[in-house]
Amino acid sequence: MQKRTSSVNHVKLNGLTFSGTFTIGDTQQANPKARGIAMQKEGATFQNDDGIYFDNYSLFHRQANWPENGVSVQKNTFHHADTIQVNNINIIGVTQAAIFQIGSLEQVRGEARIKHFRRYLDGSAHTNLPDS
Amino acid sequence: MSSIMNMEVHNWGLHVENVDIGTVTASSVFLVGDNESFVLSSFFDTPPEAAALGAIVPLSG
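The shown structure was predicted, so the numbers you read here are calculated from the model rather than taken from an experiment.

Caption draft 1: Representation of the confidence of the model for chain A. The pLDDT averaged across chain A works out to 88; a share of 92% of its residues lies at or above 70. Model confidence for chain A, summarised as mean pLDDT per element, is weakest for strand β4 (residues 33-41) of chain A at 89 and strongest for strand β7 (residues 99-102) of chain A at 97.

Caption draft 2: Inspection of the sheet that holds strand β1 (residues 5-17) of chain A at higher detail. Sheet architecture is open: 3 strands sit in the order β1(A)-β6(A)-β2(B), paired in parallel fashion. Each edge of the open sheet carries a strand with a single partner, namely β1 of chain A together with β2 (14-24) of chain B. The sheet shows a mean angle of 5° between the axes of neighbouring strands, taken without regard to direction. Note: β1(A) against strand β6 (residues 83-95) of chain A, 11 bridges, orientation parallel. Along β6(A), the bridge assignment pairs A:Thr17 with A:Thr95.

Caption draft 3: Quick peek at a nonpolar patch on the surface. Judged by side-chain polarity, A:Val73, B:Met5 and B:Met7 come together as a nonpolar surface patch covering roughly 270 Å² of accessible area. If you trace the backbone, B:Met7 turns up in strand β1 (residues 5-11).

Caption draft 4: How the structure looks around the confidence of the model for chain B. Residue and element names in this part refer to chain B. Taken over all residues, the pLDDT of chain B has a mean of 85, while the share at 70 or more is 77%. Here strand β4 (residues 35-45) stands out as the least confident element of chain B, with mean pLDDT 92; strand β3 (residues 29-32) is the most confident, with 97. As a predicted assembly, this complex carries a pTM of 0.82 together with an ipTM value of 0.85.

Caption draft 5: Structural view of the interface of chain B and chain A. Counting from both sides, the interface comprises 47 residues of chain B and, opposite them, 61 residues of chain A. Around 4700 Å² of area is buried between chain B and chain A when both sides are counted, 55% of it from carbon and sulfur atoms. In terms of surface lost to chain A, no three residues of chain B exceed B:Val32, B:Asp34 and B:Phe43, which account for 17% of the buried area on that side. One can count 3 salt bridges joining chain B with chain A. With a closest N to O distance of 2.6 Å, A:Arg4 and B:Asp34 form a salt bridge. Our count for the contact surface shared by chain B and chain A stands at 49 residue pairs in polar contact (both at pLDDT 80 or more). Looking at the side of chain B that touches chain A, the elements that each hand over two or more residues are β1, β2, β3 and β4 of chain B.

Scoring rules and cut-offs
Residues numbered from 1 in each chain as written. Chains lettered and ligands numbered in written order. Predicted model: local features only at pLDDT ≥ 70, side-chain atom pairs only at ≥ 80, totals over all residues. Heavy atoms only, no water. pLDDT = per-residue confidence, 0-100. Helix = DSSP H or I, 4+ residues; strand = E, 2+ residues; numbered from the N terminus. Pairing = 2+ DSSP bridges. Axes fitted to C-alpha atoms, helices over the stretch in contact; angles between N-to-C directions. Patch = residues over 30% accessible without salt bridge, like charges linked within 9 Å, V, L, I, M, F, W, Y side chains within 5 Å. Areas by Shrake-Rupley, 256 points an atom, 1.4 Å probe, with all protein chains shown as cover. Salt bridge = Lys/Arg side-chain N within 4 Å of Asp/Glu carboxyl O. Contact = heavy atoms within 4.5 Å. Buried area = accessible area lost by both parts, 1.4 Å probe. Polar contact = N/O pair within 3.5 Å; in protein donor to acceptor, adjacent residues only side chain to side chain.

The following block contains the structure:
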């Protein structure tokens, strides 16, 4: 398929973090992947090793439910204008295997896994137990 | 007989004045351009107490 030119006059992007991507130009293939554990801790003292590992949580092991290949479709695209014009873009953040691109992007296969839990001083957290 | 679906797409002029986004996150894509295929997956787990439903502070009384 013939690709159009993307033209953006002004971009303001505040934060690009944790495997976020901002591309100006064309891309053939992108396979972003990110995994993260977000812990909110009562009485916030953090050590180097909090004893929290990806391997202990089933969220990082379970199989993603990828869609099966669909029926192939014969597609004919006609571009009646050769540019996609955007005047202004304002984004606060691009993060965790996300992509912000100006230009064509042929193929993307992305995966993100985020586990969030809280740990209380009295040890009453239930959701931070391994495999919860 | 092969039954391949046929599709015809006409992209007429596209001119956008302004885009304002909070965050693009967890295997999401914001694209200004053309694309052939997207396959995106995301897992997110949060404790039940993080999802506060209804009024947290009593609004009266």
